[in-house]
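Structural description and commentary
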Amino acid sequence: MTTWYGYRRPDGSVGSRNFVAVIPAVTCANDVANAICREVQGTVTYMHHQGCCQLPPDLDRVTETLISLGKSPNVGAVLIVSLGCEGTDHARMYEELKATGKPTEIIHIQELGGVSKAIRIGTDIARRLVMEISGIQREPADVSEIIMAIKCGASDTTSGMASNCVIGYVADKLVDLGATVIFGETTEFLGGEHLLAKRAVNEEVGKKIFQIVNEMEERAKSIGCDMRRGQPTPGNIAGGLSSIEEKSLGAIVKSGTRPIQGVLEYPEHVTTQKGLWIKDSPGREPEILTGMAATGAQFMCFSTGRGAPQGFPSMPVIKICGNPNTFENMKDDMDLNAGLIITGEKTIEEVGEEAFALLLEVLNGRMTKNEAIQYFSAIDIHCLGPVI
Amino acid sequence: MEELKIALKVNDLDNVATIFANGIKDGTEVEIRDKRGNKELVTVIGDVPYGHKIAVKDIHVNEQITKYGEEIGIATHEIKKGEYVHVHNLDSMRGRGDWEKEEKQ
């Protein structure tokens, strides 16, 4: 049996990290949340750009995503920073997070008399929360309690032939061990959705896969242009990917080969779901990483070819590089070299086993490269409608 | 003698292969290999950057270009065996809001 060690939360979930999350309820509260985090170690914040002057479905989406971030097992306590007049539902955030049993507090900048006072009071609260949860000890957890998020970014043609194959190997292995694996990037299903739909557990899930791809494609097409340069990116194209179809066919390799259980909405948090799931999300890092952390993933395996260094504040991100040249060039940002598959020095299985061993170490507390240098502030929440 | 460069053909249905090597110039000879171990020498037409593709057979205008055994686009020009295949002679079939806009006008 494979055991790892994590922080068990009141709802039974297990985290790989033990942070106090200082959550801005709206983008206008970012600077206060960030100032509090600078003062208190063991805290993280999410510098998003949403939460006001948006249509109600998007405001609900932002509220629910922020709640799900607070529910993440990597978060031990929460301080919500509200401005006071935002469009998100800060009262609902507080109630739902309090109900999880985690220590939860909220401050309102306008009510407290402004920024300086809110920072002072918020800092005192955050310090108390950190001291309260810092004594929690890691406990043994089963491999089936792992929730792995997967993603590829700054891809080139090595991604689909090396690093995504490694993640696919790990995804299959974790699914077989009873764990949960989440992949997304709906835009990068275009051209490969029929292959994913064939793996759906039932007809309904298969239809849903076609539906989310169609919705994403229609949103892109409504602008009236060729989506190239947006997807694939100039970097993807310079890396040899000629079309979204080619990018997608390489991208979906990372989902492995096991059946697809269903589709999660962007803000949705995993509770009892096991096996392989899709999170409906775009491919861009700031938004999908937020969506994946909201899922409750304890970590992410991130495949890259051109070299994408970003991480996420409360979710360790393991960078697996498929391009041997990039790995040499960006060694300080890349955690694992899958480029050795391209050079013929290692097999997918060999690097896959290395990735599996590394992910257990990361779950147990070993820092990833982007985590150690705190390269993770560029985050956002994916919304569907306009800012009005 | 310089080491022979390899062009990888992933699926039997593919009409392109990917070259993971630096310094592939017009006239370079590469060996196309597939998963069954079949090998074929071909002369590259055009300069091909690391990780980019060449045609493994002649491809005609509007013919499907196939990788992983699936459609990755259509040919916009006549493409010769060994020729560099990328956005200059391959058109994506998806996310084409520009085509829909033209139809509406």
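Residues numbered from 1 in each chain as written. Chains lettered and ligands numbered in written order. Predicted model: local features only at pLDDT ≥ 70, side-chain atom pairs only at ≥ 80, totals over all residues. Heavy atoms only, no water.

All names here are of chain A. One way to put it is that helix H1 (residues 30-39) packs onto helix H5 (residues 115-133) with a least axis distance of 9 Å and a crossing angle of 45 degrees. With respect to H5, the element H1 is oriented oblique. Pair H1 / H5 crosses with right-handed handedness. Listed contacts from H5 to Val32, Ala35, Ile36 and Glu39 of H1 are Val115, Ala118, Ile119, Gly122, Thr123 and Ala126. The class makeup of the residues in the contact of H1 with H5 is seven nonpolar, two polar and one charged. (Axes fitted to C-alpha atoms, helices over the stretch in contact; angles between N-to-C directions. Helix = DSSP H or I, 4+ residues; strand = E, 2+ residues; numbered from the N terminus. Parallel < 35°, antiparallel > 145°, perpendicular 65-115°, else oblique. Left-handed = near helix turned anticlockwise from the far one by under 90°. Contact = heavy atoms within 4.5 Å. Nonpolar A, V, L, I, M, F, W, Y, C, P; charged D, E, K, R; others polar.)

With that settled, the discussion passes to empty space enclosed by the protein. All names here are of chain A. This structure, assessed with the given rule, holds one cavity of 30 Å³ or more. The volume enclosed by the largest cavity comes to roughly 60 Å³. In this structure, the largest cavity is lined by 14 residues; those nearest its centre are Ser155, Ser159, Lys247, Gly250 and Ala251. Secondary-structure elements contributing two or more residues to the lining of the largest cavity are helix H6 (159-176) and helix H10 (244-251). In terms of residue count, the dominant contributor to the lining of the largest cavity is H10 (four residues). (1 Å grid on protein atoms, 1.4 Å probe; cavity = no way out; pocket = protein on both sides within 12 Å on 5 of 7 lines; lining within 4 Å. Points joined across faces, edges and corners; volume = space filled by probe spheres on them.)

To continue, consider the interface of chain B and chain A. In this assembly, 28 residues from chain B lie in contact with 33 residues from chain A. On the chain B side of the contact with chain A, Tyr50, Tyr68 and Arg94 of chain B bury the most area, a combined 27% of that side's loss. For the pair chain B and chain A, the interface holds seven salt bridges. A salt bridge links Asp91 of chain B to Arg228 of chain A, with the nearest nitrogen and oxygen atoms 2.6 Å apart. Across the chain B-chain A interface, the total number found is 22 residue pairs in polar contact (both at pLDDT 80 or more). At the level of elements, strand S5 (52-55), strand S7 (70-75), strand S9 (90-91) and helix H1 (97-104) of chain B are the ones that each hand at least two residues to the side of chain B that touches chain A. (Buried area = accessible area lost by both parts, 1.4 Å probe. Salt bridge = Lys/Arg side-chain N within 4 Å of Asp/Glu carboxyl O. Polar contact = N/O pair within 3.5 Å; in protein donor to acceptor, adjacent residues only side chain to side chain.)

Looking now at the pattern of salt bridges. Applying the stated criterion across every chain yields a total of 34 salt bridges over all chains. For Asp91 of chain B, the salt bridge identified is with Arg96 of chain B, shortest N-O distance 2.7 Å. Residue classification places Asp91 of chain B among the buried residues on the basis of a relative accessible area of 15%. Overlapping salt bridges, with partners in common, bring together Asp226 and Arg228 of chain A together with Asp91, Arg96 and Asp98 of chain B in one network. (Buried < 20%, exposed > 50% of the residue type's maximum accessible area, 1.4 Å probe, protein only.)

Here we take up the packing of aromatic side chains. All names here are of chain A. For the structure shown, the criterion picks out three aromatic pairs over all chains. Judged by centre distance (5.6 Å) and plane angle (50 degrees), the rings of Phe183 and Phe189 are tilted. Above the ring of Phe302, the side-chain terminus of Lys319 is found at 3.3 Å from the ring centroid. (Phe/Tyr/Trp six-rings, centres within 6.5 Å; stacked < 30°, edge-to-face > 60°. Lys NZ or Arg CZ within 6 Å of the ring centre and 35° of its normal.)

All names here are of chain A. Spatially, four strands are ordered S4-S3-S5-S6 in an open sheet, and the strand pairing comes out parallel. Of all strands in the sheet, those bounded by a partner on one side alone are strand S4 (43-45) and strand S6 (104-108). Each adjacent strand pair in this sheet contributes to an overall mean axis angle of 20 degrees, direction not counted. Pairing analysis gives three bridges linking strand S3 (residues 19-24) to S4, with the strands arranged parallel. For Val22, the partnering residue across the bridge sits in S4 and is Thr45. Of the strands in this sheet, S3, strand S5 (75-82) and S6 are in contact with helix H3 (residues 90-98), which crosses S6 at around 165 degrees. (Pairing = 2+ DSSP bridges.)

This part takes up the domain arrangement of chain A. Frequently, the measure chosen for interface size is the accessible area removed from exposure when the parts meet. All names here are of chain A. Domain assignment breaks chain A into domain 1 (19-133) and domain 2 (141-372). Centre-to-centre, using C-alpha coordinates, domain 1 lies 29 Å away from domain 2. Summed over both sides, the interface of domain 1 with domain 2 buries roughly 1100 Å², with 63% coming from carbon and sulfur. If you look at where domain 1 meets domain 2, you find zero salt bridges. Where domain 1 meets domain 2, there are four residue pairs in polar contact (both at pLDDT 80 or more). Broken down by element, the residue count for the side of domain 1 that touches domain 2 peaks at six residues, all from helix H2 (residues 56-71). Residues that form the side of domain 1 that touches domain 2 fall into these classes: five nonpolar, five polar and three charged. (Domains from an automatic or database assignment.)

Residue and element names in this part refer to chain B. Across the sheet, six strands lie side by side as S4-S3-S1-S2-S5-S8; this open sheet has mixed pairing. Of all the strands in the sheet, just strand S4 (39-43) and strand S8 (84-85) have a single pairing partner and so form its edges. Direction of pairing for strand S1 (residues 5-8) relative to strand S3 (residues 29-33): parallel, over a ladder of four bridges. When the sheet's bridge partners are listed, Ile6 is paired in S3 with Glu31.

Moving on, we get to the packing of H6 of chain A against helix H14 (residues 348-363) of chain A. In helix packing, the relevant descriptors are the interaxial angle and the interaxial distance, both defined with respect to the helix axes. Residue and element names in this part refer to chain A. Look at H6 against H14: their axes get within 8 Å of each other, and the N-to-C directions meet at 60 degrees. Regarding the angle of H6 to H14, the classification is oblique. For the pair H6 and H14, the sense of crossing is right-handed. Two secondary-structure elements touch here, H6 through Cys165, Val166, Tyr169, Val170, Lys173 and Leu174 and H14 through Ile348, Glu349, Val351, Gly352, Glu353, Ala355, Phe356 and Leu359.

Residue and element names in this part refer to chain A. Of all six residues that make up strand S12 (residues 299-304), six are buried, and the element is covered over most of its length. Taking every second residue as pointing to the same face, both faces of S12 are buried, with Phe299, Cys301 and Ser303 on one and Met300, Phe302 and Thr304 on the other. With six bridges connecting them, strand S8 (residues 147-153) and S12 associate as parallel partners. Looking across to S12, one finds that Met148 is bridged to Phe299. For S12 and strand S13 (residues 317-321), the ladder comprises five bridges, and the chain directions are parallel. Residue pairing in the sheet places Ser303 in a bridge with Ile320 of S13.

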